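# Structural features, examined
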Amino acid sequence: MIVPSILSITLFIPVAGALLVMLLPRDATRAIKVAGLAVSLLAFVASVALFFMFDGTDGGMQFVEKVPWIHGLDISYHLGVDGISLLLVVLTTFLTPLALLASWESISVRLRAYVALMLLLEFGTLGVFLSLDMVLFYIFWEFMLIPMYFIIGIWGGTDKIYAATKFFLYTMAGSLLMLIAIIWLGYYASLQPGGMFTTDLLRLYAIAPGIPRQIQTWMFLAFALSFAIKVPIFPLHTWLPDAHVQAPTAGSVILAGVLLKMGTYGLVRFCLPLFPFATFQFMPYLAILAVIGIVYGALVSMVQPDLKKLVAYSSVSHLGFVVLGIFALNEEGMQGSVIQMINHGLSTGALFLLVGMLYDRRHTRMIKDFGGLARVMPVFATFFMIVMLSSVGLPGLNGFVGEFLILLGSFKSTFLASYWYAVVAATGVILAAVYLLWSYQRVFFGKSENPANASLRDLTKREWAVLVPVVIFIVWIGLYPSTFLDKSAPASRLAIQRIEDARRGVYYGMSQEEPPAREKVEGR
């Protein structure tokens, strides 16, 4: 059964929840926590219903909703979901209640504002993944900066203002170039015969590939810079460690688990289909930066004394795999990138949850302050080991599926045309094992020389409730990834097909001066 406006329902549940929370008395702490958690769980239920109603054989947009907004400019409230955005929507609604539950006891100051901002952050993120109008997309893209800025700036660590400001300025700088490019795309659409200014993404898919190559290069760069900062792609990553380390645990979980995926999602949704010729032009350079990021992130993680900063730098390495898979420009690489976005959200999100639980007990994240915790906290050590091995890419757990497909896709790629991308990237898997296993050994084994570690309590029931769902999905994806890959496969195939069509001149002739004859296109 199709539920009318299910995308709008899923999108606005967090907004309704934020308003409800703000209407509650400031001192009603338990009611605020329960209301925030209940609303976020309701959004998750809506996304699960969307998942099961979704037709996994269709690579196009489904459940499309379109309401005219600014008629003269063809700007609309336009939502839709395909197999790629579907998985990211479910990931967002899955991690938000876990993040709220993880901060159940650690956040006590301005609790009402905190819960409301977390729900508004979920709203902005969902809007990014569901928008099919570029102005609407841009509004959601900028909107989500506001709650994250305050979450870091109010409830963060000692350098929270610096980290929040750096995060905001980095993202805002890239976004302004994207806004200029969006306006130019609408103007270009108005220059076509019988055309008009439009920001409808589906219409622009048919128009933008015909942009002259020199201009297409600049358009690609404007979009790609904004997305590269968000991923982040080396060397635009310097805001990330500060934001992760200073953010509260829930902020780090959503930042790593969801917000970074907005960058890789943008590359797939906008850069590849809108600017295919520029994609071919910049593909080798972005693939090289991705491989550098894989190795660099792993090497820097290896020398971190702070456990949270180690996990933060590991994101640079893991997201490098996602970017490499995208620019392999084949189905294996694209599918690997999509599932690896989900895997990273689960594994790295869980690592931040575990580090946060450790910090709540000891109020330190320095690796040297721990040791021998496996004897004191055996259940906690077991969960940490499972999540750590999933991040390493152990077969049977989720990380292996994504990394295998990405390496296979980059090895087979006719566009990258070199197996060295895959060979060098594979060293990132080895290095990940080194820095994660070494950190695990130092924290959980050996002698405990600090008496403060001897009395640490093991997992509480609430913490079990936070970690068990994540581990279930880690094992599920590792053993039977088809549940999720089957949903995204048609959309991934369509994304690659658009690139292939543009390369063969289906949209426009290779001279890009006029459309090819209809008979010629069909005869190929």
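Throughout what follows, the structure given in this document is the object of discussion. Every chain's residues receive numbers from 1 upward, in the order its sequence appears when written. Where totals are concerned, whole chains, interfaces and linings use all residues; where local detail is concerned, this predicted model gives features only for residues with pLDDT of at least 70, and gives and counts side-chain atom pairs only at 80 or more. As a rule here, side-chain values come from all non-hydrogen atoms in the structure, and water together with hydrogens is ignored.

This part is about a nonpolar patch on the surface. Residues Phe411, Tyr419, Trp420, Val423 and Val424 make up a contiguous nonpolar surface patch of roughly 500 Å² in combined accessible area. Only DSSP runs of H or I reaching four residues or more are called helices, and only runs of E reaching two or more are called strands; each is numbered from the N terminus. The biggest single contributor to the nonpolar patch is helix α18 (residues 420–444), with three residues. Along the chain, tyrosine 419 falls in the loop between α17 (398–412) and α18. Residue classification places tyrosine 419 among the partly exposed positions, given a relative accessible area of 44%. Patch building starts from residues that exceed 30% relative accessible area and form no salt bridge, then joins like charges within 9 Å and nonpolar side chains (Val, Leu, Ile, Met, Phe, Trp, Tyr) within 5 Å. Reported accessibility uses the Shrake-Rupley method at a 1.4 Å probe radius. Residues are deemed covered only where the shown protein chains occlude them. Any carboxyl oxygen of Asp or Glu that lies within 4 Å of a side-chain nitrogen of Lys or Arg is treated as forming a salt bridge with it. Using a 1.4 Å probe on the protein chains alone, a residue whose accessible area is under 20% of its type maximum counts as buried, one over 50% counts as exposed, and one in between counts as partly exposed.

Within the fold, serine 226 resides in helix α9 (residues 213–230). On the accessibility criterion, serine 226 (2% relative accessible area) is buried. Note on contacts: a residue pair is in contact if any heavy atoms of the two residues lie within 4.5 Å. The contact partners of serine 226, leaving out residues within four places of it in the chain, are Trp141, Gly174, Ser175 and Met178.

Before going further, it helps to examine helix α16 (residues 378–392). Owing to its 3.6 residues per turn, the α-helix aligns residues three or four sequence positions apart on the same side. The span you would expect from a helix comes to 1.5 Å times its residue count less one. The terminal C-alpha atoms of α16 lie 21 Å apart, and with 15 residues this matches the ideal 21 Å at 1.5 Å per residue to within 8%. Every buried residue belonging to α16 is among Phe380, Ala381, Phe383, Phe384, Val387, Met388, Ser390, Ser391 and Val392, and all of these are buried. Those residues of α16 that are buried are in contact with α13 (307–326), α14 (331–362), α15 (373–376), α17, α18 and α19 (461–479). Positive backbone phi, at 105°, marks glycine 393, one or two positions downstream of α16.

What follows concerns the packing of aromatic side chains. Each Phe, Tyr or Trp ring, with Trp reduced to its six-membered ring, pairs with another whose centre is within 6.5 Å; inter-plane angles below 30 degrees give stacked pairs, above 60 give edge-to-face pairs, and intermediate values give tilted ones. For the coordinates displayed, the defined rule picks out 38 aromatic pairs. Taken together, a centroid distance of 5.7 Å and an interplanar angle of 25° make the contact between phenylalanine 400 and phenylalanine 404 stacked. Pair noted here: phenylalanine 400 and phenylalanine 404 are both in helix α17, with a separation of four residues, about one helical turn. Since its relative accessible area comes to 33%, phenylalanine 400 is described here as partly exposed. Look at phenylalanine 404 and you get partly exposed, because its relative accessible area is 46%. One aromatic cluster is present, formed by Phe44, Phe51, Phe52, Phe94, Phe473, Trp476 and Phe484 through successive ring pairs. Should the NZ of a Lys or the CZ of an Arg lie within 6 Å of a ring centre and within 35 degrees of the ring normal, that charge is described as sitting over the ring. The side chain of arginine 365 reaches across the aromatic face of tyrosine 359, ending 5.0 Å from its centre. Positioned above the aromatic ring of tryptophan 438, the side-chain terminus of arginine 442 is 3.8 Å from the ring centre.

What follows covers empty space enclosed by the protein. Here the idea is plain: a probe the size of a water molecule rolls over the atoms and shows the empty space left. In this analysis, the protein atoms alone were mapped onto a 1 Å grid. Cavities are point sets where a 1.4 Å probe fits without being able to get out; pockets are open sets with protein on both sides within 12 Å along at least five of seven lines; lining residues have an atom within 4 Å of a point. Grid points are joined across faces, edges and corners, and a volume is the space filled by probe spheres set on the points. This model, assessed by the stated rule, comprises five cavities of 30 Å³ or more. Roughly 110 Å³ of volume is contained in the largest cavity. At the level of elements, α3 (83–102), α14 and α19 are the ones that each hand at least two residues to the lining of the largest cavity. Of all the elements, α3 adds the most residues to the lining of the largest cavity, at four residues. Classes in brief: Ala, Val, Leu, Ile, Met, Phe, Trp, Tyr, Cys and Pro nonpolar; Asp, Glu, Lys and Arg charged; the others, Gly included, polar. Of the residues in the lining of the largest cavity, the class split is nine nonpolar, no polar and no charged. Every residue along the wall of the second largest cavity is listed here: Ile32, Lys33, Gly36, Leu37, Leu100, Leu101, Ser103, Trp104, Leu111, Tyr114 and Val115. Sorting the residues of the lining of the second largest cavity by element identifies α2 (29–53), α3 and α4 (111–130) as the ones contributing at least two each. Sorting elements by how many residues they give to the lining of the second largest cavity places α2 first, with four residues. Here the lining of the second largest cavity is built from residues that sort into eight nonpolar, two polar and one charged.

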